[in-house]
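Each chain is listed here by its residues.
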Amino acid sequence: MRTEICDRLGIEFPIFAFSHCRDVVAAVSKAGGLGMLGALVFSPEQLEIELNWIDEHVGGKPYGVDVVMPAKYEGADLTGKDLEGTLRGMIPATHVEYVEAILTRYGVAPLPPDEPKPKALLGWSEGAGRSQVDIALQHPIKLIANALGPPPEDVVVQAHEQGVLVAGLVGDANQARKQVDVGVDIIIASGTEAGGHTGEVATFVLVPEVVDAISPVPVLAAGGIGDGRQVAAALALGAQGVWTGSIWLTVAEADTTPLIREKLLAAGSRDTVRSRALTGKPARQLRTAWTDAWDDPNGPGPLPMPLQFMLTAEAQHRIGRSGNKELAGMPVGQIVGRMNSIRTTQDVMYGLVEGAIKTIEEMQAKLGSVVG
């Protein structure tokens, strides 16, 4: 099962896997796909460590890095060394009090005085994204993907000069055209079923719209894909491959915490919600008491990106540390309803490939019998 994008990237199967876990990234690439490390959660120093590890464990197979350089975010026009401090000063006291009230209601304790607080800004700015790109390009990556808007044109040029392709995630055809206009090589059409930041258009509608809008630029289908039949459907819609993420959260190699893994394995496809509770932009995630509190019309409402994440980063760390099941959640797509067992990355990869091939062969047989 090969498409043109396989030849351009030197991979065996047109299956792309987004994960913050380096073990999953390496395992997917070694199984013939393209593992994509989500850089957002890492400091520059830690990202270097993660990429060095992948270089040593990927067996020379291709892999890539996913960054976030939002086209629009609060404070985009700010300058100065203490950007984080300036942004923190923009967070209303009422929101800080609301966070603490939620945590108190569910018995979540403060962090111990000697425990370091989590990084609050992370990569939610163009400057942070650029630093991650600079680090990534020092490694033998094949692809850089960017979310939440077209990457700056000079970043695209910088990647191309080093022989690295650039991909961009989109939620509608107009966004895809803007990505192509700045030189992006691959468009990832991400339907509303997907985990993380999504638009409102479903994958089955979105993919052919994007394919028709930007042909011959290759398109990857994303959102609700975790089965070989869905891979075959994506190819039938005109995509050259699939971009997957949620299905890797419950593989044996994933570093998902036991509590979250338990919730994911038990969840159904109706147990997710698009909410601004996490980052300030709509993102699909497990529905929890936390998302309910931020979607409550009687509450103060989420802040714009990146203020919402800065407001809640420590709270999320406290929730994870406490093991509170009602509040604990994470980004995941509607495919979570099929993520009901722990499998190895290789098993998932081969299941996607074999399932797609079987589906295509069955369709050919059906069409052949009709024609005959």
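The structure under discussion appears in the preceding block.
Calculation rules
- Residues numbered from 1 in each chain as written.
- Predicted model: local features only at pLDDT ≥ 70, side-chain atom pairs only at ≥ 80, totals over all residues.
- Heavy atoms only, no water.
- Helix = DSSP H or I, 4+ residues; strand = E, 2+ residues; numbered from the N terminus.
- Rg over C-alpha atoms; globule rule 2.2 N^0.38 Å.
- Buried < 20%, exposed > 50% of the residue type's maximum accessible area, 1.4 Å probe, protein only.
- Contact = heavy atoms within 4.5 Å.
- Areas by Shrake-Rupley, 256 points an atom, 1.4 Å probe, with all protein chains shown as cover.
- Lys, Arg positive; Asp, Glu negative; His and termini not counted.
- Charge placed at Lys NZ, Arg CZ, Asp CG, Glu CD.
- Pairing = 2+ DSSP bridges.
- Salt bridge = Lys/Arg side-chain N within 4 Å of Asp/Glu carboxyl O.
- Axes fitted to C-alpha atoms, helices over the stretch in contact; angles between N-to-C directions.
- Phe/Tyr/Trp six-rings, centres within 6.5 Å; stacked < 30°, edge-to-face > 60°.
- Left-handed = near helix turned anticlockwise from the far one by under 90°.
- Nonpolar A, V, L, I, M, F, W, Y, C, P; charged D, E, K, R; others polar.
- Core = buried A, V, L, I, M, F, W, Y, C linked by side-chain atoms within 4.5 Å.

Before going further, it helps to spend a moment on the overall build of the chain. Summing up its helical and strand segments, the chain has 14 helices and 11 strands in all. At 20 Å, the chain has a C-alpha radius of gyration in line with the 21 Å of a compact globule built from 372 residues. Considering the chain as a whole, with its 372 residues, one finds that 52% of them fall into the buried category. Within the chain, contacts between residues at least 6 apart in sequence are counted, and of these 68% link residues at least 24 apart. Surface summary for the chain: the accessible area is close to 16,400 Å², and the carbon and sulfur share equals 52%. Looking at the chain, you have 31 positive and 44 negative side-chain charges, and the mean spots of the two groups are 4 Å apart.

Here we come to the pairing of strand β11 (residues 283–286). As judged from the 2 bridges shared by strand β7 (residues 196–197) and β11, these two strands associate in the antiparallel manner. Residue histidine 197 lies in a different strand from β11, and its bridge partner there is alanine 283. One ladder, built from 4 bridges, connects strand β10 (residues 272–275) with β11; its direction is antiparallel. Within β11, the residue paired with valine 273 across the bridge is glutamine 285.

Moving on to the pattern of salt bridges. Throughout the structure, instances matching the rule amount to 10 salt bridges. As a salt-bridge pair, arginine 287 and aspartate 292 come within 2.8 Å of each other at their nearest N and O atoms. Residues joined by salt bridges that share partners form a network here, namely Asp227, Arg229 and Arg338.

Glancing now at the sheet that holds strand β4 (residues 143–147). The strand order β1-β2-β3-β4-β5-β6-β8-β9 describes a closed barrel built from 8 strands, whose pairing is parallel. Mean inter-strand twist for the sheet, computed between neighbouring axes without regard to direction, equals 25°. The pairing of strand β1 (residues 15–19) with strand β2 (residues 34–38) spans 4 bridges and is classified as parallel. Pairing of phenylalanine 16 across the sheet is with leucine 34, part of β2. Sheet contacts for helix α2 (residues 22–30): β1, β2 and β3 (63–68); angle to β2, the most-contacted strand, approximately 165°.

To continue, consider the packing of aromatic side chains. Applying the stated criterion to the full structure yields 3 aromatic pairs. A centroid spacing of 6.5 Å and a plane angle of 25° characterise the contact between phenylalanine 16 and tryptophan 243, whose relative ring orientation is stacked. Residue phenylalanine 16 is found in strand β1, and its partner tryptophan 243 is found in strand β9 (residues 241–244); the two are separated by 227 residues along the sequence. For phenylalanine 16, a relative accessible area of 0% translates into the label buried. Classification of tryptophan 243 by relative accessible area gives buried; the value is 8%. The interplanar angle of 80° and the centroid separation of 5.1 Å between the aromatic rings of tyrosine 98 and tryptophan 294 together place this pair among those described as edge-to-face. On the criterion of sequence distance, the pair formed by tyrosine 98 in helix α5 (residues 93–105) and tryptophan 294 in helix α12 (residues 289–295) is long-range, its members being 196 residues apart. Relative accessible area serves as the criterion here: at 2%, tryptophan 294 is assigned to the buried category. Taken together, the aromatic side chains of Tyr98, Trp290 and Trp294 make up a single cluster linked through ring pairs.

At a minimum axis separation of 9 Å, helix α8 (residues 173–181) and helix α9 (residues 203–214) run at an interaxial angle of 40°. Judged by the sense of rotation from one axis to the other, the crossing of α8 with α9 is right-handed. Of α9, the residues touching α8 (which contributes Ala173, Ala176, Arg177 and Val180) are Glu209, Val210, Ala213 and Ile214. Broken down by class, the residue content of the contact of α8 with α9 amounts to 6 nonpolar, no polar and 2 charged.

A word on the environment of glycine 107. Looking at where glycine 107 falls in the secondary structure, it is placed in the loop between α5 and α6 (126–136). C-alpha of glycine 107 to C-alpha of isoleucine 319: the two residues are 212 residues apart in sequence and 9.6 Å apart in space.

A word on the nonpolar core. Within the largest apolar cluster, 90 residues are counted, with the highest numbers of intra-cluster contacts made by Leu51, Ile187, Val210, Trp248 and Trp290. By size, the runner-up hydrophobic cluster in this structure holds 20 residues, among which are Met36, Leu143, Ile188 and Trp243.

In short, shape yes, function no, at least from these values alone.
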